[in-house]
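# Summary of the model geometry
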Amino acid sequence: MKYLFILTLILGLHNTVFSQSYSDDFARSKSRAVYLEVLGNGIGYSFNYDQRFQNRLDGFGFKVGGSYFALDGTSVATFPFGLNYLLGKRGKYFEMGLGGTYLLASDRSNTFASGSDRTFGDGITGNMIFGYRSEPVDGGFLFRASLTPFFGNGVFWPLFAGISVGYAF
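Working definition: an aromatic ring pair is given by the centre-to-centre distance plus the angle between the planes. For the coordinates displayed, the defined rule picks out nine aromatic pairs. Considering the side-chain rings of Phe-150 and Trp-157, the 5.8 Å spacing of their centres and the 70° angle between planes classify their relative orientation as edge-to-face. When its relative accessible area of 1% is taken as the criterion, Phe-150 is described as buried. Relative to Phe-169, the ring of Tyr-167 has its centre 6.4 Å away and its plane inclined at 15°; by these criteria the two rings are stacked. In this structure Phe-169 comes out as partly exposed when scored by relative accessible area, which is 38%.

Here we come to the confidence of the model for the chain. A residue-level look at the chain finds 78% of positions with pLDDT of 70 or above and a mean pLDDT of 84. Low pLDDT, under 50, characterises residues 11–26; the stretch is placed with nine contacts to residues that sit more than four places away or in other chains.

Attention now goes to the side chain of Asp-58. Within the secondary structure, Asp-58 sits in the loop between β2 (45–52) and β3 (59–71). Reaching out from Asp-58, the side chain makes a polar contact with the side chain of Arg-56 at a distance of 2.7 Å. When sequence neighbours within four positions are dropped, the list of residues in contact with Asp-58 reads Arg-52, Leu-86, Gly-88 and Tyr-93.

Mapped onto the secondary structure, Tyr-49 falls in strand β2. Taking relative accessible area as the criterion, Tyr-49 reaches 26% and is therefore assigned partly exposed. Each C-alpha atom of the pair Tyr-49 and Val-34 lies 4.6 Å from the other, and the pair is 15 residues apart in sequence. Not counting residues up to four positions away in its chain, the partners in contact with Tyr-49 are Arg-32, Ala-33, Val-34, Phe-62, Lys-63, Val-64 and Phe-169.

Procedures and definitions
Residues numbered from 1 in each chain as written. Predicted model: local features only at pLDDT ≥ 70, side-chain atom pairs only at ≥ 80, totals over all residues. Heavy atoms only, no water. Phe/Tyr/Trp six-rings, centres within 6.5 Å; stacked < 30°, edge-to-face > 60°. Buried < 20%, exposed > 50% of the residue type's maximum accessible area, 1.4 Å probe, protein only. pLDDT = per-residue confidence, 0-100. Contact = heavy atoms within 4.5 Å. Helix = DSSP H or I, 4+ residues; strand = E, 2+ residues; numbered from the N terminus. Polar contact = N/O pair within 3.5 Å; in protein donor to acceptor, adjacent residues only side chain to side chain.

Have a look at this one:
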């Protein structure tokens with residue numbers, strides 16, 4: 001009887017120490033992140049916000065972002081957006097997604113040649129994401145590397161890619 005009590009005590013301690021659930025180990029229950037993406041869905045660069053829909057670190061989520069570039073009277077603003085899915089665990093994920101990039105451009109540099117002081121262009125181009133994401137389960141430094149094909153409006157760039165660094169919280 002004495003040995004049975006000691007064995008029950010040891011097994012109870014073992015279960016208490018070693019079998020805590022995944023969510024009890026870490027304070028973060030929903031993946032949120034901000035990051036700078038070079039190339040990728042923002043075409044040149046973009047600042048982005050990313051979040052999961054449910055209280056989990058993987059699964060379905062969304063991203064929205066923006067960028068602006070101006071040089072010699074020409075300016076371009078991009079606004080990437082989309083849905084994504086993270087497949088994996090413990091901070092190492094395969095990321096796949098589908099979305100678009102709204103592009104707004106203006107050119108004031110050719111005023112004498114065209115006879116107009118402004119020309120504008122805008123449109124939405126579709127894009128996809130296939131890549132790797134490293135995001136610590138308790139938050140911190142985020143790294144992404146992905147293939148980001150563009151399509152639509154007479155454009156098809158199957159081998160466009162991007163790299164991102166940021167912070168997950």
